[in-house]
Amino acid sequence: MEAVKRATLWRVAFFMAFGGALILLGYRLRGVLNPLLFAVLLAYVLNPLVNAISRRGGFSRLFGVLVVFILFFGISTLGALWTVPRAVAQVESLVNEVPGFYKKAVEWLEKNEFLSPAGPAAPAGTPSPSPGAKEAPPRTVETPSQQFLRQALEKARDSILKSWEEWKENLPKHATNAVQQILTSLQGLLYVLGFCLLVPVYLFFLLLEWPQIQEWAKGMLPTAGRERMLSVIGQIDGATAAFFRGRVVLCLVRGLLVFGLFAVAGAPYPLLFGVVAAVSSFVPFLHVFFVLVPSVVIGALQAHNPVAGGLAPGVVFLVIEAFMEFVLTPLYLGRQVSLHPVALFVVLLIGGDLLGFFGVIIAVPLACAAKILFREFVLPEWRMLAQREAPPPAI
């Protein structure tokens, strides 16, 4: 029995070392593998649609792949062509309103005595007004905290305006430099070609051959313990697929709800915040900081009544979050194995910090696999050790 356990541990150690070596090799070849991994993730998301068309509709799998392929890239292209110019226009409009926002913020802070109503004190040596001139209102000396707050607001305003102007002026130059670097660098050229050309090719053949790939992978498993291994692999596959399908669908739904309900409620920049919500909500909690806080602040600064202006986007956002978290997410994901939002946040940060974009792509599948393997193999042994009775004391 002990020999069997030792052999099992050696096999587990071997496969862990082999898997680590594959990850390191994949990181070294990330410029080649990133398009393939991205295509695999898209195949995870789109494969159920192909199955629904080919099996339930009675069509061939090739027909289902073609329909899904054309719809996916057609809708994505049309959506980008409609969304991007309007979102950029809203960004420009938002930046143009920054001076007005700064003025209203300072007026509100002065009205509520967070800043000195008369502004900073006149510097020493300022000449007194002539006898016939109209006297200026008395200037109150600001406290150090008030001076710090006023300077922070001024720096934020100037930084936003300067960054936007530099971005607009340097965009053609940056685009030209990027194209030149891509054309003169083999790695950059391969990377761009990979995402523009190889991803669609990989995706098409992955969707077409997905059932054969699954059967081939099952045939590679050893006969001894195959059922147990298939069960564990099926759980890992289901958890990974459910995460990516669920995350993509939920991000899109959240973005559409923010766009539609913000527009209905008269909240500021609905399309811009809808795009930000869809992109940032892939990582838990980010959309709260990138959507809720800015929309409330901008709504309060835009409206004649700051309370009503800030309350409208805040209430709409909270209603959307309640619907997403308590209704749609449990209904759509069901009881699939999932990662806690905090664990997901940490996993994505670690993967991105260690391996960049490659690490972000593989972080979630590895975390799901580790969680299921721990639950299936490590936790039962741990419970057996915890329940084992201590040997009687020697006499």
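Data block above holds the structure.
Residues numbered from 1 in each chain as written. Predicted model: local features only at pLDDT ≥ 70, side-chain atom pairs only at ≥ 80, totals over all residues. Heavy atoms only, no water.

**Considering the overall build of the chain**
Part 1 of the reasoning: Per the secondary structure count, the chain includes eleven helices and zero strands.
Part 2 of the reasoning: Listing each helix as α and each strand as β along the chain from the N terminus yields α-α-α-α-α-α-α-α-α-α-α.
Part 3 of the reasoning: Counting all 395 residues of the chain, 28% fall into the buried class.
Part 4 of the reasoning: Partitioning the contacts of the chain with sequence separation of at least 6, the portion at a separation of at least 24 is 69%. (Helix = DSSP H or I, 4+ residues; strand = E, 2+ residues; numbered from the N terminus. Buried < 20%, exposed > 50% of the residue type's maximum accessible area, 1.4 Å probe, protein only. Contact = heavy atoms within 4.5 Å.)

**Some points on the layout of surface pockets**
Part 1 of the reasoning: One number sums up the size of the second largest pocket: a volume of about 1600 Å³.
Part 2 of the reasoning: Phe-72, Ser-76, Val-248, Cys-251 and Leu-252 are the residues nearest the centre of the second largest pocket, which is lined by 40 residues in total.
Part 3 of the reasoning: Those elements giving two or more residues to the lining of the second largest pocket turn out to be helix H2 (30-56), helix H3 (61-96), helix H7 (226-265), helix H8 (270-280) and helix H11 (341-387).
Part 4 of the reasoning: A per-element tally of the lining of the second largest pocket places H3 first, with eleven residues. (1 Å grid on protein atoms, 1.4 Å probe; cavity = no way out; pocket = protein on both sides within 12 Å on 5 of 7 lines; lining within 4 Å. Points joined across faces, edges and corners; volume = space filled by probe spheres on them.)

**Things to note about the packing of H8 against helix H9 (residues 286-302)**
Part 1 of the reasoning: The contact between H8 and H9 brings their axes to 8 Å, and the two run at 160 degrees. The orientation of H8 with respect to H9, classified from their angle, is roughly antiparallel. Here the hand of the crossing between H8 and H9 comes out left-handed. Contacts between H8 and H9 involve Phe-273, Val-276, Ala-277 and Ser-280 from the former and Leu-286, His-287, Phe-290, Val-291, Pro-294, Ser-295 and Ile-298 from the latter. (Axes fitted to C-alpha atoms, helices over the stretch in contact; angles between N-to-C directions. Parallel < 35°, antiparallel > 145°, perpendicular 65-115°, else oblique. Left-handed = near helix turned anticlockwise from the far one by under 90°.)

**Describing H3**
Part 1 of the reasoning: Helix length check: H3, at 36 residues, gives a terminal C-alpha distance of 52 Å against a target of 52 Å (1.5 Å per residue), a fit within 8%.
Part 2 of the reasoning: Within H3 the residues assigned to the buried category are Arg-61, Gly-64, Val-65, Val-68, Phe-69, Thr-83, Ala-87, Gln-90, Leu-94 and Val-95. (Expected span 1.5 Å × (residues − 1).)

**Re the nonpolar core**
Part 1 of the reasoning: Of all hydrophobic cores here, the largest spans 32 residues; its most connected members are Leu-203, Leu-207 and Val-364.
Part 2 of the reasoning: Breaking this core down by element, the ones donating at least two residues are H2, H3, helix H6 (186-219), H7 and H11.
Part 3 of the reasoning: Of all the elements, H2 adds the most residues to this core, at eight residues.
Part 4 of the reasoning: In contact with Val-364, not counting residues within four places along its chain, are Phe-243, Phe-244, Leu-344, Val-347 and Leu-348.
Part 5 of the reasoning: With 20 residues, the next largest nonpolar core counts Leu-94, Phe-101, Val-258 and Phe-273 among its residues. (Core = buried A, V, L, I, M, F, W, Y, C linked by side-chain atoms within 4.5 Å.)

**Brief notes about the side chain of Asn-47**
Part 1 of the reasoning: Structurally, the position occupied by Asn-47 is in helix H2.
Part 2 of the reasoning: Beyond its immediate stretch of four places on either side in the chain, Asn-47 contacts Arg-61, Leu-207 and Trp-210.

**A look at the environment of Ser-281**
Part 1 of the reasoning: Summarising the element assignment, Ser-281 is placed in the loop between H8 and H9.
Part 2 of the reasoning: Taking the C-alpha atoms as reference, Ser-281 lies 9.7 Å from Val-291; in sequence the two are ten residues apart.
Part 3 of the reasoning: Residues in contact with Ser-281, not counting those within four places in the same chain, are Arg-247, Cys-251, Arg-254, Val-276 and His-287.
Part 4 of the reasoning: A distance of 2.7 Å separates a polar atom in the side chain of Ser-281 from the backbone oxygen of Ala-277.
Part 5 of the reasoning: Of note is the side chain of Ser-281, whose polar atom sits 3.5 Å from the backbone oxygen of Ala-278. (Polar contact = N/O pair within 3.5 Å; in protein donor to acceptor, adjacent residues only side chain to side chain.)

**Topic: a nonpolar patch on the surface**
Part 1 of the reasoning: Taken together, Phe-285, Phe-289, Phe-290, Val-293, Val-297, Val-342, Val-346, Ile-350 and Leu-354 make up a surface patch of nonpolar side chains, about 840 Å² in accessible area.
Part 2 of the reasoning: Listed by contribution, the elements that provide at least two residues to the nonpolar patch are H9 and H11.
Part 3 of the reasoning: Under the relative-accessibility criterion, Val-293 is labelled partly exposed at 44%. (Patch = residues over 30% accessible without salt bridge, like charges linked within 9 Å, V, L, I, M, F, W, Y side chains within 5 Å. Areas by Shrake-Rupley, 256 points an atom, 1.4 Å probe, with all protein chains shown as cover. Salt bridge = Lys/Arg side-chain N within 4 Å of Asp/Glu carboxyl O.)

**A few points about the environment of Leu-355**
Part 1 of the reasoning: Following the sequence through the fold, Leu-355 ends up in helix H11.
Part 2 of the reasoning: Separated by 331 residues in the primary sequence, Leu-355 and Leu-24 place their C-alpha atoms 9.1 Å from one another.

**Some thoughts on the packing of aromatic side chains**
Part 1 of the reasoning: For the structure on display, the rule yields eight aromatic pairs.
Part 2 of the reasoning: Aromatic side chains Tyr-44 and Trp-210 sit 5.6 Å apart centroid to centroid with 75 degrees between the ring planes, which places their arrangement in the edge-to-face category. Within this pair, whereas Tyr-44 is found in helix H2, its partner Trp-210 is found in helix H6, the two being separated by 166 residues in sequence.
Part 3 of the reasoning: The class for Tyr-44 is buried, based on a relative accessible area of 13%.
Part 4 of the reasoning: Given a relative accessible area of 11%, Trp-210 falls into the buried group.
Part 5 of the reasoning: Taken together, Phe-69, Phe-72, Phe-73, Phe-204 and Phe-205 form an aromatic cluster joined through their ring pairs. (Phe/Tyr/Trp six-rings, centres within 6.5 Å; stacked < 30°, edge-to-face > 60°.)

**Structural notes on the side chain of Ser-280**
Part 1 of the reasoning: Relative to the helices and strands, Ser-280 resides in helix H8.
Part 2 of the reasoning: A distance of 2.6 Å separates a polar side-chain atom of Ser-280 from the backbone oxygen of Val-276.
Part 3 of the reasoning: The contacts of Ser-280, once residues within four sequence positions are left out, are Leu-286, His-287 and Phe-290.

**Considerations on the pattern of salt bridges**
Part 1 of the reasoning: Inspection of the entire model under this criterion finds two salt bridges.
Part 2 of the reasoning: Its salt-bridge partner being Glu-321, residue Arg-254 comes within 2.9 Å of it at the nearest N-O pair. Taken together, the positions of Arg-254 in helix H7 and Glu-321 in helix H10 (residues 306-333) put the pair 67 residues apart, joining distant regions of the chain. The burial state of Arg-254 is the same as that of Glu-321; both residues are buried.
Part 3 of the reasoning: Where Arg-254 meets Glu-325, a salt bridge forms, and the shortest distance between an N and an O atom there is 3.3 Å. Highlighted residues: Arg-254 in helix H7 and Glu-325 in helix H10, separated in sequence by 71 residues.
Part 4 of the reasoning: Linked by salt bridges that have partners in common, Arg-254, Glu-321 and Glu-325 make up one network.

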